[in-house]
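So the chains spell out like this:
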Amino acid sequence: MTTHSPNSWEARAEAHALYGFTDLPSVRERGTVVVTHGEGPYIFDTQGRKYLDSNSGLWNMVAGFDHPGLAEAAKAQYDRFPGYHAFFGRMSDQTVALSERLIEVSPWDRGKVFYTNSGSEANDTLVKMLWFMGRAEGTPAKRKILTRGNAYHGVTAVSASMTAKPYNEVFGLPLDGFIHLTCPHYWREGMEGESEAEFTARLAAELEEVINREGADTIAGFFAEPVLGAGGVIPPPEGYFQAMQAVLRKHGIPLISDEVICGFGRTGNIWGCETYDFVPDAIISSKALTAGYFPMGAVMLGPEMADRLQAAIDPIEEFPHGFTASGHPVGCAVALKAIDVVLEEGLLEAVRAGAGRMEQGLRAIAAHPNIGELRGIGYMWALEAVREGKTPFEGDLSVSERIANTCTDHGLICRPLGQSVVLCPPFTLTDGQMDEMFEKLDAALRKVF
Ligand code: PLP
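Residues numbered from 1 in each chain as written. Predicted model: local features only at pLDDT ≥ 70, side-chain atom pairs only at ≥ 80, totals over all residues.

All right, on to unusual backbone geometry then. Trans peptide bonds make up most of the peptide bonds, and negative phi angles are found at most residues other than glycine. Note that the residue after Leu 173, namely Pro 174, is joined by a cis bond; omega there is 10°. Among the structural elements, Pro 174 can be located in the loop between helix 7 (157–162) and strand 6 (178–181). The backbone of Phe 88 sits at a positive phi, close to 55°, despite the residue not being glycine. Turning to its location among the elements, Phe 88 is positioned in the loop between helix 4 (68–80) and helix 5 (93–104). In the Ramachandran plot, Lys 287 falls in the positive-phi region, its phi being about 50° despite a non-glycine side chain. Locating Lys 287 in the fold gives a position in the loop between strand 9 (282–285) and strand 10 (297–301). C-beta crowding within 10 Å serves as the criterion here: with 27 such atoms nearby, Lys 287 is assigned to the buried category. (Helix = DSSP H or I, 4+ residues; strand = E, 2+ residues; numbered from the N terminus. Buried ≥ 20, exposed ≤ 12 C-beta atoms within 10 Å, placed from the backbone.)

So, about the domain arrangement of the protein. As far as domains go, the protein holds domain 1 (33–63 + 346–448) and domain 2 (70–344). Inter-centroid distance (C-alpha atoms) of domain 1 to domain 2 is 26 Å. Each partner contributes residues to the interface: domain 1 has 25 residues there, and domain 2 has 24 residues. The dominant element in the side of domain 1 that touches domain 2, judged by the number of residues it contributes, is helix 14 (residues 347–365), at 5 residues. Split by residue class, the side of domain 1 that touches domain 2 holds 16 nonpolar, 6 polar and 3 charged. (Domains from an automatic or database assignment. Contact = placed C-beta atoms within 7 Å. Nonpolar A, V, L, I, M, F, W, Y, C, P; charged D, E, K, R; others polar.)

As summarised here, the arrangement of the 7 strands in space is 4-10-9-8-7-5-6, forming an open sheet in which the pairing is mixed. A strand with exactly one partner marks an edge of an open sheet, and here the two such strands are strand 4 (112–116) and strand 6. Geometrically, the sheet is characterised by an average inter-axis angle of 20° between neighbouring strands, direction not taken into account. Strands in contact with helix 6 (residues 119–136) are strand 4, strand 5 (144–148), strand 7 (219–224), strand 8 (255–258), strand 9 and strand 10; relative to strand 10, the strand with the most contacts, it is inclined by about 35°. (Pairing = 2+ DSSP bridges. Axes fitted to C-alpha atoms, helices over the stretch in contact; angles between N-to-C directions.)

Moving on, we get to the packing of helix 14 against helix 16 (residues 431–448). Packing of helix 14 against helix 16 brings their axes to within 10 Å, and their N-to-C directions diverge by 20°. When the axes of helix 14 and helix 16 are compared, the pair comes out roughly parallel. The crossing of helix 14 and helix 16 is right-handed. Residues Gly 354, Arg 357, Met 358, Gly 361 and Ile 365 of helix 14 lie in contact with helix 16, whose contacting residues are Asp 431, Met 434, Phe 438, Leu 441, Asp 442 and Leu 445. Residues that form the contact of helix 14 with helix 16 fall into these classes: 6 nonpolar, 2 polar and 3 charged. (Parallel < 35°, antiparallel > 145°, perpendicular 65-115°, else oblique. Left-handed = near helix turned anticlockwise from the far one by under 90°.)

With that settled, consider the site of the ligand. Around the ligand, the structure places 15 residues, and the nearest of them are Ser 118, Gly 119, Ser 120, Gly 154 and Val 260. Its residues assigned to classes, the shell around the ligand comprises 4 nonpolar, 9 polar and 2 charged. (Near = placed C-beta within 6 Å.)

Quick look at the pairing of strand 6 now. Both strand 5 and strand 6 contribute to a ladder of 4 bridges, which runs parallel. Paired with Arg 148 across the strands is Leu 181, a residue of strand 6. Where the polypeptide runs from strand 5 across helix 7 and back to strand 6, its parallel neighbour, the crossover connection is right-handed. (Right-handed = clockwise from strand over helix to strand, strands pointing away.)

This paragraph deals with helix 16. For helix 16, which comprises 18 residues, the first-to-last C-alpha distance of 26 Å matches the rise-based estimate of 26 Å (1.5 Å per residue) to within 8%. For helix 16, the complete set of buried residues consists of Met 434, Met 437, Lys 440, Leu 441, Ala 444 and Leu 445. Taken end-on, helix 16 shows its buried residues confined to a sector of 135°, consistent with a single buried face. The exposed set on the far side of helix 16, more than 90 degrees from its buried face, consists of Asp 431, Gly 432, Asp 435 and Arg 446. Contacts made by the buried residues of helix 16 are with strand 3 (50–53), helix 14, helix 15 (398–409), strand 13 (412–413) and strand 15 (420–423). (Expected span 1.5 Å × (residues − 1). Arc of directions from axis to C-beta.)

Val 299 and Ala 338 are the most contacted members of the largest nonpolar core, which has 121 residues in total. Of all the elements, helix 13 (residues 329–344) adds the most residues to this core, at 9 residues. Domain assignment of the residues forming this core places at least three in each of domain 1 (33–63 + 346–448) and domain 2 (70–344). Contacts of Ala 338, omitting those with residues within four sequence positions, involve Leu 70, Ala 288, Leu 289, Thr 290, Ala 291 and Tyr 293. (Core = buried A, V, L, I, M, F, W, Y, C linked by C-beta atoms within 7 Å.)

This is the structure we're talking about:
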C-alpha cells in the first residue's frame, strides 16, 4: 500500500477522482500516477518519471504528445470560432470541410457523415440509425445487432451491449437483441486439425445459422473491427471478411466496419477494411480521427446507407438525434489537420516501413517460453502469455497485469488485455525509441518469468 503526502497531486487525486477500467488493487499497491505533460511518445509524471507510452494514450495519440501543427490548428480555430453544433440548419464551415474530406478519403465515391464526441456514441448513433431506417421501411422488427466475442465497441448501454466482454454483466448487459458470434481468433478458437481457411468457413457457417435461426428480417446489422483491438489485437483469419460479407449480402444485412482503432493508419493503410480488402456499408471512426487532440467520433455512411437514411428522414423531415458538440468546429479543424498529418507527413509510410521492424523485434522477444503467440499488423501487436509448455493461463488475468506493471517500473507503458500485453505505439516512433520499447519489454518479461 503506497501513501502520498497530504497535499500532493496523488493524494488529491485519490480524494476526489474516480478511475474507469482500472485494477484498483494494483493502484493501491503501486500508488497513483499523475501525469503532467508529454514529448513525442513519452509522458512525464509529477515525480519527474518518464515513460515511453507504447499505448499511444489509448491508441489515439498517433502523432505523439507534442505535435505543433495539431495544437496550432486547435488554437487557430479556438481564436476564430470556439464552438458550435451541427443542428437547426446551421453547421460550421469546418464541419462542412471535414465531411467532404472524410468522404474523399473513404472507400466510397459518395456518402454522408454524422458527428459524435466518442467512438461509443458513434456506434450508438449508427444502431439508432439502423432502428430508425427499419421502422421507416416497414420492418420495425429489424433491430438485432450482431457482433463477435471479445469485440469492443464502447461503453454506452447500446455499445456496451455490442461489446462482448464478461465485465458488462455487472451492469446487467447486454440488452436483449445483441448477439455475439464466435471471436475470429484462430489460435484460441480453431479446432484440433482445423486449417485457418476451414476455421473461416466455420465462422461464416455460424453466421448463416444465426441469421436463419433469428430471421434475417430481425437483424439490423453486423459490426466488426477489422482487427479486434481491446479484445487483444486479433487480426482476422484468412478470407474472413470476404466469407462473412458474402453471407451478409445474401441476407441483405449491412456490414459496418468499426475503425475506431484501425482507422487512419494503424494497420498501415488509411482504413483497416482497405488492409483486409473489403468495402463496408458504413464506418465508425474516432481516436486517430483527431490524432487524440480532441474528443470526437464520426459515423460515415456509404452511398446505400446514406440513401436509406435520407429516405427514412424524408417522411418526418428530421433525424431526431445529436449531441451538443456534434460537429464541433475545433474538433473538425483538428481532424482536418490530423488527416493531413497522417497522409501528408508520411505517417502511413512510417507504419508500413516500421511494421516489419516491429514484428522482427517482438518475434525475438516472443521466443521466450512464456509467450504463446505473437499477433498483429502495422503498429498494433500483442504477445500472449502462457504457462511453460504453452498452455494458456486460463482465468488468470494477473499475469499480463504483472508484466505491464513491471514494464511501467522500467519506464514503458503497455496494456494488459486478457492474458496478452499489447503494444500500439505512435506512428512517429523513431527506430531508437522502438529499440528502447523492445529492451524494456524484454527486461520486464525476464523479471516476471
Ligand atoms: N470501438 C472500438 C473498436 C474501440 O476500440 C473503442 C474504444 O477503445 C470504441 C469503439 C469506443 O470509443 P470511445 O472510447 O471513444 O467511446
